[in-house]
Amino acid sequence: MYSQADPKFQSTLAFTKIGDRAVREPLKADDHDREWIAVLVPLGILDVSGERLSIYFGQSAKTSDFVADCLELWWQENQAIYPGLEELVIDLDGGAATRSNRTQFIKRMVEFARKTQWQIRLIYYPQMP
């Protein structure tokens, strides 16, 4: 199989002749890693009014500390965008890491509120039956 460039050089595309059989047979992709180096856990922080999305990845399971660490990292990266911010409203899904009865999560949120001098409201989505 060979490729041919546009003879007038008006395009950067290359053209290849292939037969009917090649078109009908599915291609086998070999573009995936065979072994994983790590499993990453995502955490997203969405600023609804400012239309900004930040996504962080960690290598451990989603824990209270991971959520709080991501929030602190988000603040370090974005504090210049929000001068004079007094209140932060956080919508949570009520998952294991962020439940209101998780003392480690609440402790970290209180520490973050003291550090930033913000009023922080935790809003929990209702649990689905």
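Keep in mind that what you see is a predicted model, and the values were worked out from it rather than measured. (Residues numbered from 1 in each chain as written. Predicted model: local features only at pLDDT ≥ 70, side-chain atom pairs only at ≥ 80, totals over all residues. Heavy atoms only, no water.)

## As for the pattern of salt bridges
Then comes step 1: Tallied over the full model, the rule gives 8 salt bridges.
Then comes step 2: Residue Asp65 pairs with Arg108 through a salt bridge whose shortest N-O separation is 2.8 Å. In this pair, Asp65 is assigned in helix α2 (residues 64-78) and Arg108 in helix α3 (residues 103-116), connecting sequence segments 43 residues apart.
Then comes step 3: A salt bridge links Lys115 to Glu72; the shortest N-O distance between them is 3.0 Å. Of this pair, Lys115 sits in helix α3 while Glu72 is found in helix α2, placing the two residues 43 residues apart along the sequence.
Then comes step 4: By relative accessible area, which is 54% here, Lys115 ends up exposed.
Then comes step 5: Given the relative accessible area of 17%, Glu72 is considered buried.
Then comes step 6: Taken together, the shared-partner salt bridges in this structure form one network comprising Asp65, Asp69, Glu72, Lys107, Arg108, Glu111 and Lys115. (Salt bridge = Lys/Arg side-chain N within 4 Å of Asp/Glu carboxyl O. Helix = DSSP H or I, 4+ residues; strand = E, 2+ residues; numbered from the N terminus. Buried < 20%, exposed > 50% of the residue type's maximum accessible area, 1.4 Å probe, protein only.)

## Section: the packing of aromatic side chains
Then comes step 1: Counting across every chain of the model gives 4 aromatic pairs.
Then comes step 2: Centre to centre, the rings of Trp74 and Trp75 are 6.4 Å apart; their planes meet at 40 degrees, and the pair counts as tilted. For the pair formed by Trp74 and Trp75, the shared burial category is buried.
Then comes step 3: Pairing Phe112 with Trp118 gives two aromatic rings, centres 5.6 Å apart and planes at 80 degrees, and the pair type is edge-to-face.
Then comes step 4: Every member of this aromatic cluster is reached through a ring pair, and the members are Trp74, Trp75, Tyr82, Phe112 and Trp118. (Phe/Tyr/Trp six-rings, centres within 6.5 Å; stacked < 30°, edge-to-face > 60°.)

As far as function goes, none of this settles anything; it's purely spatial.
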